[in-house]
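Here is how the chains run, residue by residue.
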Amino acid sequence: GENVEQHPSTLSVQEGDSAVIKCTYSDSASNYFPWYKQELGKRPQLIIDIRSNVGEKKDQRIAVTLNKTAKHFSLHITETQPEDSAVYFCAASKGGGADGLTFGKGTHLIIQP
Amino acid sequence: DTAVSQTPKYLVTQMGNDKSIKCEQNLGHDTMYWYKQDSKKFLKIMFSYNNKELIINETVPNRFSPKSPDKAHLNLHINSLELGDSAVYFCASSPSVGGETQYFGPGTRLLVL
């Protein structure tokens, strides 16, 4: 089955700096890669996703890049703000049907004021 | 209105008991899921279900069984609860066409004593 590795497990950055979280996946058939943000005690919320026919996607301060050949994808957050502090999860799936998401182990992002 | 809802929010019970968690979605989605998030925050798929197929993660003990009375509901029944079942259980749903994007419920915190 699919295996998703995520690094780092904890990331501390100064407010206003950029943060990068990296993930690798094992199954070349995976074609959908979402990123979820989870605040303490809350549900995971989708912040951005990318499909395998696209190399990069941006939404304001958030961007995701995908390298299918190397089987890795990354989340980039620019101009970080205190409200960006949370646990971020990458995930992968083959899409369609009833395919569940395989999640990475999460990155605890801490924004230092 | 809440898109994906779960009840109860908290569940405290004794080892050996049987319990159910309910999930409802009003998004008109065809596919629903159950995920388990353990104390280390790892999120793992337990079940995927639509009106055509049930996909069971092979690591899930058969004490866990999903029950779907209709397309908008997917309940999780757990027999003979064990201490290791303590976790947060999240329900999610997605549309069936191009339907990889999953929307999560608020979670049910289960504590087995």
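Draft legend 1. How the structure looks around the nonpolar core. All names here are of chain A. Grouped together as the largest cluster of nonpolar side chains are 23 residues, with contacts concentrated most on Tyr-25, Phe-33, Trp-35, Phe-73, Leu-75, Tyr-88 and Leu-109. At the level of secondary structure, the elements contributing two or more residues to this core comprise β2 (10-14), β3 (19-25), β4 (32-38), β5 (45-51), β7 (62-67), β8 (72-77), β9 (86-92) and β11 (107-112). Those residues in contact with Phe-73 that sit more than four places away from it in its chain are Ile-21, Lys-22, Cys-23, Tyr-25, Phe-33, Trp-35, Thr-65, Leu-66, Cys-90 and Ala-91.

Draft legend 2. Summary view of the state of the cysteines. Using the criterion set out here, one finds 2 disulfides over all chains in the structure. What pairs with A:Cys23 in a disulfide is A:Cys90, and their sulfur atoms sit 1.9 Å apart. Looking along the S-S bond of the A:Cys23-A:Cys90 disulfide, the torsion reads about -100°, which is the left-handed sense. Placement of A:Cys23 in strand β3 and of A:Cys90 in strand β9 is noted, with a sequence separation of 67 residues between them. Here the two residues A:Cys23 and A:Cys90 agree in accessibility, since each one is buried. Paired through a disulfide, B:Cys23 and B:Cys91 show a sulfur-sulfur distance of 1.8 Å. In this structure, the disulfide formed by B:Cys23 and B:Cys91 twists by about -75° around the S-S bond and is classed as left-handed. Residue B:Cys23 is found in strand β3 (residues 19-25), and its partner B:Cys91 is found in strand β9 (residues 87-94); the two are separated by 68 residues along the sequence.

Draft legend 3. Region of interest: the interface of chain A and chain B. With 22 residues of chain A at the contact, the number on the chain B side is 24 residues. The contact between chain A and chain B buries some 1,800 Å² in all, and 55% of this surface belongs to carbon and sulfur atoms. The tally of links between chain A and chain B comes to 0 salt bridges. Here chain A and chain B share 6 residue pairs in polar contact (both at pLDDT 80 or more) between them. Going through the elements one at a time, β4 and β5 of chain A are the ones with two or more residues in the side of chain A that touches chain B.

Rules used in this analysis
- Residue numbering note: each chain is counted from 1, following its sequence as written.
- Numbering of ligands from 1 and lettering of chains from A proceed in the order in which they are written.
- Reporting of local features is limited, given that this is a predicted model, to residues whose pLDDT is at least 70; pairs of side-chain atoms are given and counted only at 80 or more, and all residues count toward the totals for whole chains, interfaces and linings.
- Side-chain numbers come from the whole structure's heavy atoms, not from hydrogens or water.
- What we call a nonpolar core is a set of buried Ala, Val, Leu, Ile, Met, Phe, Trp, Tyr and Cys residues that are connected through their side-chain atoms within 4.5 Å.
- Note on exposure labels: buried denotes an accessible area under 20% of the residue type's maximum, exposed denotes more than 50%, and partly exposed covers the range between, all computed with a 1.4 Å probe on protein chains only.
- The helix count covers DSSP runs of H or I at least four residues long, the strand count covers runs of E at least two residues long, and both are numbered beginning at the N terminus.
- Contact definition: two residues touch when any of their heavy atoms are within 4.5 Å.
- Defined by distance alone, a disulfide is two cysteine sulfur atoms within 2.5 Å.
- Once two parts are put together, the accessible area they lose, assessed with a 1.4 Å probe and summed over both, is termed the buried area.
- Any Lys or Arg side-chain nitrogen located within 4 Å of an Asp or Glu carboxyl oxygen qualifies as a salt bridge.
- Nitrogen and oxygen atoms within 3.5 Å of one another constitute a polar contact, given that in protein one can donate a hydrogen and the other can accept it, and given that sequence-neighbouring residues count only through two side-chain atoms.

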